[in-house]
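Read off the chains here:
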Amino acid sequence: VPKWFKGATADVTSACGPAPAAATAPTTTFVAGCATTTPAIDGDFADWDGVPTAPIPPVIAQVGTPQPEFGGDWQVVWDSGALYLRVHVVDPDIRSVNLATPGAWFNGDGFSFEFGPDARNLDPAATTRRGQDVHVMVGLSRDAPTSGVASINPAGRGTFTTGTRHPEITVGRADTLTGYDLEARVPWSSLQLRKAPVRGSVFSMNVNLSDATSAPATWRLRTMKSTNASRTAATQGFPHGWQTITLADAAS
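Here's a quick rundown of the structure. (Residues numbered from 1 in each chain as written. Predicted model: local features only at pLDDT ≥ 70, side-chain atom pairs only at ≥ 80, totals over all residues. Heavy atoms only, no water.)

## A few points about the nonpolar core
One finds Trp 74, Leu 83, Phe 113, Phe 115 and Leu 191 to be the most contacted residues of the largest nonpolar core, which totals 39 residues. Of all hydrophobic cores here, the second largest spans 7 residues; its members include Ala 35, Trp 48, Val 77 and Ala 82. (Core = buried A, V, L, I, M, F, W, Y, C linked by side-chain atoms within 4.5 Å. Buried < 20%, exposed > 50% of the residue type's maximum accessible area, 1.4 Å probe, protein only.)

Take a look at the structure:
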């Protein structure tokens, strides 16, 4: 088990800041533990050993015949510099994203996540918040066999707008016998935060896996799975319905 997972008080304070004023952590969908030892984004996933793993089972979009094997799970930790995610994906037909269209990388093999301030008190009809909500996409690239590519669609007026590549998000990749693994370091500034979040902070977030079609003449989504069964193309722009995550001392 990595040292950071034990949650030594001094190490947590050094990596993630002082303890929160509130003694009781809120109940949220996910809990991210403080990474007192930063995961190396290098395609070697040994430093994720011991981090709790969550499945991504619900199919939220399907075009044509699915691959029955497609699926995966994810892990998350954080520190004062960034949010760190790792996904393990079973996908017998690996395809690169279309590098020319970074705003549509959710259609290609990889993962994505919606992220923004805690939206539980928003009106259910309230739409994405400009300058606050983002849709981060991390995809496979044939030009980067040991890493990957990342882009962000920012919030516009009531929806996410077509975004651009974000090279400050570093990605590690390793292909497996059954699919691939990706890990990413996402700086807080990329997530529209002007300063590092404090321990106990709550954000709204979904995590999604994408599987692209294998047809050589096209490039489009075949299957999308999400941690949030209610997250569809029609509901993505309503943050109140997203899941939630607490930045805590230790994962659970």
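## Topic: the state of the cysteines
As enumerated under the stated definition, the model contains 1 disulfide in all. Two residues, Cys 16 and Cys 34, share a disulfide whose sulfurs are 2.1 Å apart. Since a negative S-S torsion denotes a left-handed disulfide, the Cys 16-Cys 34 link at about 100° is right-handed. With Cys 16 in helix H2 (residues 9–16) and Cys 34 in strand E1 (residues 30–34), this pair connects stretches of sequence that are 18 residues apart. On the basis of relative accessible area, Cys 34 is assigned to the buried category, the value being 0%. (Disulfide = S-S within 2.5 Å. Helix = DSSP H or I, 4+ residues; strand = E, 2+ residues; numbered from the N terminus.)

## With respect to the packing of aromatic side chains
Following the criterion strictly, the structure yields 6 aromatic pairs and no others. With centroids separated by 6.4 Å and ring planes inclined at 90°, the aromatic side chains of Phe 113 and Phe 115 adopt a geometry described as edge-to-face. Like Phe 113, the residue Phe 115 is buried in the burial classification. Each residue in the set Phe 113, Phe 115, Trp 188 and Phe 203 is aromatic and connected to the rest through ring pairs, giving one cluster. (Phe/Tyr/Trp six-rings, centres within 6.5 Å; stacked < 30°, edge-to-face > 60°.)

## Comments concerning the side chain of Arg 173
Tracing the chain through its elements places Arg 173 in strand E10 (residues 170–175). Residue classification places Arg 173 among the buried positions, given a relative accessible area of 10%. Looking at Arg 173, its side chain comes within polar contact range of the main-chain oxygen of Ser 141, at 3.3 Å. In contact with Arg 173, not counting residues within four places along its chain, are Gly 43, Phe 45, Ile 94, Leu 140, Ser 141, Ala 144, Pro 145, Thr 146, Ser 147, Asp 181 and Leu 182. (Polar contact = N/O pair within 3.5 Å; in protein donor to acceptor, adjacent residues only side chain to side chain. Contact = heavy atoms within 4.5 Å.)

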